[in-house]
Amino acid sequence: MSIQTEQTDKFRTVDPAAYEMLELASTNGIQTAWDRYKAQQPQCKFGNTGVCCRICIQGPCRIIPSKPGQDKGICGANVYTIVARNLVRYIAGGASAHSDHGREIAYTLLHTAEGHAPDYKITDTDKLVKVAKRIGVQTEGISINDIAKAVAIKALEDFGKYDSKPCTWLESTIDDERKQKFKQTAITPTAIDRSIAQLMHQTHMGNDADPVNIIFGGLKAALADYVGMSLATDLTDILFGTPAPIITEANLGVLDQEKINIAVHGHNPLLSQMVVFAARELDAEAKAVGAKGINLVGICCTGNEVLMREGVPTATNFGSQELAIMTGVLDAMIMDVQCISPGVKDICNCFHTVLVTTSHIAKIPGSYHIEFNEATAMEDARKIVRLAIKQYGTRKAELVKIPQFKKQVVGGFSFEALMNLFAKINPESPISVLTDAILAGEIKGVCAFVGCNNQKTTHDNNTLTIARELAKKDVFLVSTGCAAGAFAKAGYLSEEGVEAYAGPGLKKFIKRLEEKSGLNAGLPLIFHMGSCVDNSRVATLWTEMARELKVSLPQLPFVASAPEAMSEKAISIGAWIISMGIPTHVGVIPPIEGSDLVYGITTQIARDVFGGYFIFEKDPMKASEVLFEKLEKRAWKLKINRETAKKYNSELSKAYEG
Ligand code: BF8
Ligand code: SF4
């Protein structure tokens, strides 16, 4: 059975709802990201290969290595310096975005504990105490508020502390082998802000010209990114609850013509979570204007946050964000920060949808700006929801067209939720349910899907293809971000995906868990672990697996794939994943091909030093083969090592007995 419809266009999207909207856009002459991508062709070769330097205003210097005189920048910078600098500056951008998101959560936790953020509360006290103990905060005889305050302060210290100790959220979450590795390579961050500032300094005109050193500086900032993400996940769980399995739906068919539809779009749940509460509270006001209630939907990672905790359906993912407006029933799109294409405003202009910006660092000309403040959170959220209620009356019936595609989603698999599920089979050692299945050969390893959509690929196609191929070969799959959005829309986050694509081993494994799950739905083919900052949950999973198997991360049968990576954040995540020892596929070639040396550092030297490395492969079928081969090799070595160790130990003990 195929759960993709035939009615898809292999050049633009494999999402049938997006396809329908794209057809509508063509008919009505509405410009979308797809058109603008076309208009940008051919894209600048210098930019595409990373050899254009704009770091000082003597530039731009565009390098042609084969052309004497143009083989270096005006200052004498070599092509490898330029490519490396450009690459790591992406990491600085990504780390800034993730960590600044984390910082806001930390401030809100602090202010909640101090009583200055009356609309927030500490929801998961168990997780608070667990995190406190892990990072060395006293809990015995201390009030919940005081523990929360101490935890929040520790988190804020990770941004700007002045000592040279490693960041707490790195030191308390990774294994000793990686700690040593990061120490030896001098990439342990001591403060997030400092690592990012240092990287910008390091890559300023006339500073570091050594590509290896520049890349190591980039990895330090990438680990700072990990710290920011890790603390963001922990503190968000403390404030709003740790996700548990939840059943919902995805794709544009979740929009409801009879209700007031509000989309939350962006990343930071401080606002979107409040909009969830406000929408529930104001349902009667929606009914008073003739609607059947309020239908809240999510786009991108703020959507993932409220899906994981509240079961809010996903409307769509990054690549197709504009298309949600074209349904004509979206009364308001509420943005917080990151990955919001300014192009959404142009589409809003063609429909009645009101675009509401809420952050002082993310405004779009022509949209409503309702500044969101933690101190007045619910009041702000109510204001936004009421704006949508008002807007409902201006809907144009003749422009309504909702594609009738939606799929069931079983999400909410935080690390804790996964362990709770595994504990139903093995309460003493939940993680060994997964590791034993790998050792037995039932499961061939784990692949984590992360990242975005990118116009350079067919929307959702790389992501779905690689997952299908790996699932057929019995690889256990987890996902975050817009990759999870693609899976949600295609039915891969439900039982339907298992029936369609799971290989015999994977199916047996999932069904064994399903029997005990106690859920009102079957388990999914792919386990949704959350938003992009929640890649920290994925890191917890691999750390726990390695601990159980008594191996280091470079030996673990675990790979990652960002099949349609787009943002600076995706590059930053990829960089810390490889530094953790995990081979990472990227389906879009970043601008590094202009330097063989830099390309080699990321794909080869990284392997020698960290055990993790990038695999750049645009063809999804080939990528799935390479990823599987990496898993097989690691799983095979794991078994051989264990058998040898067992034999050696028993021979040794026999010798002693003798
Ligand atoms: O942080 S996956 S397009 S929405 S960057 Fe953006 Fe990429 Fe989506 Fe989430 Ni992550
Ligand atoms: Fe050109 Fe050097 Fe300035 Fe870059 S830093 S723009 S290579 S002069």
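By convention here, each chain's residues receive numbers from 1 onward along its written sequence. The order in which chains are written sets their letters, starting at A; the order in which ligands are written sets their numbers, starting at 1. In view of the model being predicted, local features appear only for residues whose pLDDT reaches at least 70, and side-chain atom pairs are presented and counted only at 80 or more, with totals across whole chains, interfaces and linings using the full set of residues. Note that the side-chain values use all heavy atoms of the structure and ignore hydrogens as well as water.

1. What about the overall build of the chain?
Point 1. Helix and strand definitions follow DSSP, with helices as H or I runs of at least four residues and strands as E runs of at least two, each counted in order from the N terminus. Along the chain, the regular secondary structure elements total 26 helices and 16 strands.
Point 2. The C-alpha atoms of the chain give a radius of gyration of 24 Å, which matches the 26 Å a tight globule of 658 residues would have.
Point 3. Along the three orthogonal principal directions, the C-alpha set of the chain runs to about 85 × 70 × 55 Å.
Point 4. Taking the average location of the 71 positive side-chain charges in the chain and that of its 73 negative ones, the two points are 3 Å from each other. With C-alpha atoms as the basis for the radius of gyration, the globule rule is written as 2.2 Å multiplied by the number of residues raised to the power 0.38. A positive count includes Lys and Arg, and a negative count includes Asp and Glu. His and the chain ends are not counted in either. Charge coordinates come from a single atom per side chain, which is NZ of Lys, CZ of Arg, CG of Asp or CD of Glu.

2. Overview of the coordination of the nickel atom of ligand 1
When a metal holds four donors in a tetrahedron, each ideal angle between them is 109.5 degrees; when it holds six in an octahedron, the ideal angles are 90 or 180 degrees.
Point 1. Excluding water, the donors of a metal are its N, O and S neighbours within 2.8 Å, or within 3.2 Å for Na, K and Ca, and that exclusion means sites may look incomplete. Just one protein atom donates to the nickel atom of ligand 1; it is C532 (SG), sitting 2.2 Å from the metal.
Point 2. Geometry is assigned from the angles between donors: four donors with all angles from 85 to 135 degrees make a tetrahedral site, four or six donors whose opposite pairs exceed 155 degrees while the rest stay between 65 and 115 make square planar or octahedral sites respectively, and everything else is labelled irregular. Each of the 4 donor atoms around the nickel atom of ligand 1 contributes to a set of angles spanning 90 to 160°, which defines the coordination as irregular.
Point 3. When you line up the elements, C532 lands in the loop between β13 (526-530) and α23 (535-549).

3. Some remarks on the confidence of the model for the chain
Point 1. Note: pLDDT gives the predictor's confidence per residue, expressed from 0 to 100. Chain-level statistics for the chain give a pLDDT mean of 96 and a share of 97% at 70 or above.
Point 2. By definition in these notes, contact holds between two residues if any of their heavy atoms fall within 4.5 Å. Segment residues 1-9: pLDDT under 50, and 24 contacts once partners within four positions in sequence are set aside and those in other chains are kept.

4. Let's talk about the sheet that holds strand β12 (residues 476-480)
Point 1. Strand pairing requires that DSSP identify at least two bridges connecting the strands. Spatially, β13-β12-β11-β14-β15-β16 is the arrangement adopted by the 6 strands of the open sheet, whose pairing is parallel. The two strands at the open ends of the sheet, each matched to only one other strand, are β13 and β16 (614-616). Sheet twist, expressed as the mean angle between neighbouring strand axes with direction ignored, is 25°.
Point 2. Where strand β15 (residues 584-586) and β16 come together, 3 bridges link them in parallel fashion. A fitted line through C-alpha atoms serves as each axis, taken over the contacting stretch for helices, and the angle formed by two N-to-C directions is quoted from 0 to 180°.

5. Re the site of ligand 1
Point 1. Note on definitions. A residue lies near a molecule or strand when any single heavy atom of the residue is within 4 Å of it. Near ligand 1 the following residues occur: H267, C300, C301, F318, C339, G451, C452, C482, C532, M566, S567 and K569.
Point 2. Here a polar contact is recorded for every N or O atom pair within 3.5 Å, except that within protein the pair must consist of a potential hydrogen donor and a potential acceptor, and residues adjacent in sequence are included only if both atoms are side-chain atoms. Note that an oxygen atom of ligand 1 is positioned 2.6 Å from one of the side-chain N or O atoms of H267.
Point 3. When the residues that make up the shell around ligand 1 are grouped by side-chain class, the tally is 8 nonpolar, 3 polar and 1 charged. As a working rule, the residues Ala, Val, Leu, Ile, Met, Phe, Trp, Tyr, Cys and Pro are called nonpolar, Asp, Glu, Lys and Arg charged, and the rest polar, with Gly in that last group.

6. A word on helix α13 (residues 300-310)
Point 1. A simple rule labels every residue: compare its accessible area, found with a 1.4 Å probe on the protein chains alone, to the largest value its type can have, and call it buried under 20%, exposed over 50%, or partly exposed in between. Among the 11 residues in α13, 10 count as buried, and that is most of the element.
Point 2. Considered for burial, the residues of α13 that qualify are C300, C301, T302, G303, N304, E305, V306, L307, M308 and R309.
Point 3. Count one or two residues on from α13 and you reach G311, which has phi positive near 75°.

7. Digging into the pattern of salt bridges
Point 1. A carboxyl oxygen of Asp or Glu within 4 Å of a side-chain nitrogen of Lys or Arg is what we treat as a salt bridge. For the structure on display, the rule yields 35 salt bridges.
Point 2. K511 is the salt-bridge partner of E514, the closest N and O atoms lying 3.2 Å from each other. In this pair, E514 and K511 both sit in helix α22 (residues 504-517), 3 residues apart, roughly one turn of the helix.
Point 3. The exposure class of E514 is buried, given its relative accessible area of 17%.
Point 4. Each of the salt bridges in this network shares a partner with another, and the network as a whole consists of K127, R134, D234, D237, E305, R309, E416, D534 and R537.

8. Thoughts on the nonpolar core
Point 1. Counting residues in hydrophobic clusters, the biggest one holds 188 residues, and the most contacted among them are V151, F476, L541, W542 and W576.
Point 2. When residues in this core are grouped by element, the largest group, 17 residues, is from helix α10 (residues 211-240).
Point 3. Apart from residues no more than four positions distant in its own chain, V151 is found in contact with L109, L128, V131, A132, I135, V137, W169 and L235.
Point 4. A25, V297, V344 and C348 belong to the second largest nonpolar core, which has 35 residues in total. Within this scheme, the nonpolar core is defined by two criteria: the residues are buried Ala, Val, Leu, Ile, Met, Phe, Trp, Tyr or Cys, and they are joined through side-chain atoms within 4.5 Å.

9. Examining the site of ligand 2
Point 1. Neighbouring ligand 2 are C53, I55, C56, Q58, G59, C61, G73, I74, C75, I82, R85 and M205.
Point 2. Looking at the shell around ligand 2 residue by residue, the classes come out as 8 nonpolar, 3 polar and 1 charged.

10. A look at helix α24 (residues 568-579)
Each full turn of the α-helix corresponds to 3.6 residues, which orients residues three or four apart in the same direction.
Point 1. By definition here, a helix of n residues has an expected span of 1.5 Å times n minus one. Given a rise of 1.5 Å per residue, 12 residues ought to cover 16 Å, and the 17 Å separating the end C-alpha atoms of α24 matches this to within 8%.
Point 2. Within α24, 11 of the 12 residues are buried, leaving the element largely enclosed by the surrounding structure.
Point 3. Of all the residues in α24, the buried ones are K569, A570, I571, S572, I573, G574, A575, W576, I577, I578 and S579.
Point 4. A positive backbone phi angle near 100° is found at G581, which sits one or two residues after α24.

11. Brief notes about the environment of E632
Point 1. Among the secondary structure elements, E632 is positioned in helix α26 (residues 620-657).
Point 2. For E632, a relative accessible area of 43% corresponds to the partly exposed category.
Point 3. Spatially, the C-alpha atom of E632 lies 9.9 Å from that of F558, the residues being 74 residues apart in sequence.

12. Details of the packing of helix α4 (residues 79-114) against helix α6 (residues 144-160)
Point 1. For the pair α4 and α6, the least separation of the axes is 8 Å and the interaxial angle reads 155°. Overall, the two elements α4 and α6 adopt an arrangement that is roughly antiparallel. Taken as a pair, α4 and α6 cross one another with a handedness that is left-handed. Taking contact as the criterion, the partners of S99, G102, R103, A106, Y107, L109, L110, A113 and E114 in α4 are, on α6, N145, A148, K149, V151, A152, I153, A155, L156 and F159.
Point 2. For the contact of α4 with α6, the residue count by class is 12 nonpolar, 3 polar and 3 charged. The labels follow the angle: roughly parallel below 35 degrees, roughly antiparallel above 145, roughly perpendicular from 65 to 115, and oblique for the rest. The handedness criterion is simple: a crossing whose near helix is rotated anticlockwise from the far helix by less than a right angle is left-handed, and one whose near helix is rotated clockwise is right-handed.

13. Some details on the packing of α4 against α24
Point 1. Following both chains from N to C, one finds α4 and α24 inclined at 100°, their axes separated by 7 Å at the closest point. When the axes of α4 and α24 are compared, the pair comes out roughly perpendicular. Residues L87, R89, Y90, I91, G93, G94, A95, A97 and H98 of α4 touch α24, and the partners they reach there are E568, K569, I571, S572, I573 and A575.
Point 2. Across the contact of α4 with α24, the residue classes break down as 8 nonpolar, 4 polar and 3 charged.

14. Details of the environment of E285
Point 1. For E285, the position within the fold is in helix α12 (residues 283-288).
Point 2. On the accessibility criterion, E285 (32% relative accessible area) is partly exposed.
Point 3. Spatially, the C-alpha atom of E285 lies 29 Å from that of H360, the residues being 75 residues apart in sequence.
Point 4. Ignoring anything within four residues of it in the chain, the contact list for E285 reads R386 and I389.

15. What to know about the side chain of T139
Point 1. Relative to the assigned elements, T139 resides in the loop between α5 (125-134) and α6.
Point 2. Residue T139 is classed as buried on the basis of its relative accessible area, which comes to 13%.
Point 3. Excluding residues that lie within four positions of it along the chain, T139 makes contacts with V129, A132, K133 and I147.

16. Focus on the side chain of N304
Point 1. Here N304 is to be found in helix α13.
Point 2. A polar contact is formed between the side chain of N304 and the backbone oxygen of G481, at a distance of 3.1 Å.
Point 3. When sequence neighbours within four positions are dropped, the list of residues in contact with N304 reads G481, C482, H528, G530 and S531.

17. Examining the packing of aromatic side chains
Point 1. Paired rings are identified among Phe, Tyr and Trp, the last through its six-membered ring, by centres lying within 6.5 Å, and are further divided according to the angle between planes into stacked (under 30 degrees), edge-to-face (over 60) and tilted (the rest). A full pass over the atoms with the stated rule returns 15 aromatic pairs.
Point 2. Ring geometry for F449 versus F487: centroids 5.3 Å apart, planes at 85°, classification edge-to-face. Residue F449 is found in strand β11 (residues 446-449), and its partner F487 is found in helix α20 (residues 481-490); the two are separated by 38 residues along the sequence.
Point 3. Taking relative accessible area as the criterion, F449 reaches 0% and is therefore assigned buried.
Point 4. Looking at F487, the relative accessible area reads 0%, which means it is buried.

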